[in-house]
Amino acid sequence: MQIDCTHDVRSTLPPETGLCLFRVLQEALHNAAKHSGVKRIEVQLREESGEIHLSVRDFGKGFDVEAARRGLGLTSMRERVRLVNGTISIDSKPMGGTTIHVRVPFGLERFSERAVG
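Residues numbered from 1 in each chain as written. Predicted model: local features only at pLDDT ≥ 70, side-chain atom pairs only at ≥ 80, totals over all residues. Heavy atoms only, no water.

A closer look at the overall build of the protein chain
Reasoning step 1: A tally of helices and strands in the protein chain yields 4 helices and 5 strands.
Reasoning step 2: Scanning the protein chain from its N terminus toward the C terminus, one meets helices and strands in the order β-α-β-β-α-α-β-β-α.
Reasoning step 3: Put simply, the protein chain has 117 residues, and 32% of those count as buried.
Reasoning step 4: Sequence-distant contacts in the protein chain: of pairs separated by 6 or more residues, those separated by 24 or more amount to 66%. (Helix = DSSP H or I, 4+ residues; strand = E, 2+ residues; numbered from the N terminus. Buried < 20%, exposed > 50% of the residue type's maximum accessible area, 1.4 Å probe, protein only. Contact = heavy atoms within 4.5 Å.)

In structure tokens, the structure reads:
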């Protein structure tokens, strides 16, 4: 599998943010490798307007997001992102690929007590 990764993060991430993004990326890559049918995935990590943005995109088979909503992988990604007061969006279309976009506020003071305590 080829992973094209670009990044533009100049700040040091809080450990909670780094771990969250790592685990979401890990799950997204696992799902893409298992289900998308492609050999290339694009990953982008950037810092913008007080937020860290992670985007994982493939151009594979896609899937019905509503039908997969209760799946353990997507549920764990949503929960991890929620714990750091972030947002996650999943856009997928049959034969149109999948994009997962995560936005997390930058700065420890913005994290929930569950993530840091």
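Moving on from the coordinates now.
Overview of helix H1 (residues 15-35)
Reasoning step 1: For H1, built from 21 residues, the straight-helix expectation of 30 Å at 1.5 Å per residue is met to within 8% by its first-to-last C-alpha distance of 30 Å.
Reasoning step 2: Regarding H1, the residues found buried are Thr17, Cys20, Leu21, Val24, Ala28, Leu29 and Ala32. Mapping the buried residues of H1 onto a view down its axis gives an arc of 155°, with all of them on the same face. What points out from H1, more than 90 degrees from its buried face, is the exposed set Pro15 and Lys34.
Reasoning step 3: The elements touched by buried residues of H1 are strand E1 (2-8), strand E2 (40-48), strand E3 (51-58), helix H3 (72-83) and strand E5 (97-105).
Reasoning step 4: Among the residues trailing H1, Gly37 stands out with phi positive, at a value near 85°. (Expected span 1.5 Å × (residues − 1). Arc of directions from axis to C-beta.)

Structural notes on the confidence of the model for the protein chain
Reasoning step 1: Predicted confidence across the protein chain gives a mean pLDDT of 87, with 87% of residues reaching 70 or more.
Reasoning step 2: With pLDDT under 50 throughout, residues 108-117 is counted as low confidence; its partners more than four residues away or in other chains account for 21 contacts. (pLDDT = per-residue confidence, 0-100.)

Considering unusual backbone geometry
Reasoning step 1: Phi is positive for Asn85, which is not a glycine, with a value near 55°.
Reasoning step 2: Mapped onto the fold, Asn85 is located in the loop between H3 and strand E4 (87-93).
Reasoning step 3: Notably, Met95 is not glycine yet its phi reads approximately 60°, a positive angle.
Reasoning step 4: The residue Met95 is located in the loop between E4 and E5 in this model.

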